[in-house]
Amino acid sequence: MSLPYLQADHPLRYELLGRLRVTCAGADQTPDQPKLAKLLALLLIRAGETIPGEKLVAELWEQGPPRCAFASLRVYVSQLRKILNGSRGTSPIATTSPGYILDVSGATTDFHDFEEFYTRGRERYGAGDFQRASELLRRALSLWRGPVLEGIQGSLDIESFVAVQEEKRLNCTELSIDTTLALGRHHEVIEDLKGLLVRHPLREPFYRQLMVALYRAGRQGDALGTYRNARRVIREELGVEPGPTLRVAHEAILRADPARLEAAGVVPAIR
């Protein structure tokens, strides 16, 4: 790939919430070689920390590093520097006595942006500002382009990072749906929740939210059917009964008691 000098007054943009992507002023600087991409991913997920060379070698060559692994690592770092260096020749990758460190203080990253929008969305939700919370949470989720670091061969550090980010994404999705329900827009989330439950059949909050959305849409029978399906799946897969929150929501819908839904953590819809 061609490697034009990066402009000093334009920050690098690292994106991990999907396929790895590096841009500067709209120009794509993403490494093509799989080992280079994986090395950059490893440095990014522990940005600001010194990663020993031995650790990077073990992560890059999981099946057993070759004898030339450390020499190859130095070559890969040099190639990454050429991609990431600014026009003054400065590099965000520094060599330390035990290894390497990536400085992202002058860059932007999609996973840090996601964390900021998600945190602010939680704060606005807690303050009862559901409209603003909904906007912030939707902006957070819009940053996702696919599975985290899609296409990069996993390693211990990468798989751990992926698991954490995917859990945050699900938690953000749940809260975004709760804000939509709080705003009285239950019709908007029914189909989305059905799709989410196909992918996450043991995620009890999605069952609760679908039950509430169906109940508020005047579909009490479908809401109760959702609980029966949830109970069957959870018992078959885990051998236990649904959790207390889901059971309370079921009881409230069975009794047609909207006020009791609050005991299941459901915020009354704004009218």
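Residues numbered from 1 in each chain as written. Predicted model: local features only at pLDDT ≥ 70, side-chain atom pairs only at ≥ 80, totals over all residues. Heavy atoms only, no water.

Caption draft 1: Representation of the sheet that holds strand E1 (residues 12-15) within the structure. Within the open sheet, the four strands sit side by side as E3-E2-E1-E7. Their pairing is mixed. The open sheet is flanked by strand E3 (27-28) and strand E7 (108-109), the only strands paired with a single partner. Here E1 pairs with E7 via two bridges, running parallel. Counted as the bridge partner of Arg13 is Thr108 from E7. (Pairing = 2+ DSSP bridges. Helix = DSSP H or I, 4+ residues; strand = E, 2+ residues; numbered from the N terminus.)

Caption draft 2: Representation of the nonpolar core. Counting 54 residues, the largest nonpolar core has Tyr14, Leu16, Leu39, Leu40, Leu43 and Leu149 as the members making the most contacts within it. Once residues within four sequence positions are removed from consideration, Tyr14 is found in contact with Arg21, Val22, Leu40, Leu44, Leu84, Pro92, Leu102, Val104, Ala107, Thr108, Thr109 and Asp110. Counting residues in hydrophobic clusters, the runner-up holds 30 residues, among them Leu170, Ile190, Ala230 and Val233. (Core = buried A, V, L, I, M, F, W, Y, C linked by side-chain atoms within 4.5 Å. Buried < 20%, exposed > 50% of the residue type's maximum accessible area, 1.4 Å probe, protein only. Contact = heavy atoms within 4.5 Å.)

Caption draft 3: Here's a closer look at the packing of aromatic side chains. Within this structure, the stated rule accounts for five aromatic pairs. On the numbers, 5.5 Å between centres and 85 degrees between planes, the contact of Phe111 with Phe161 is edge-to-face. In this pair, Phe111 is assigned in helix H4 (residues 110-126) and Phe161 in helix H6 (residues 156-182), connecting sequence segments 50 residues apart. Its relative accessible area of 8% is what places Phe111 among the buried residues. (Phe/Tyr/Trp six-rings, centres within 6.5 Å; stacked < 30°, edge-to-face > 60°.)

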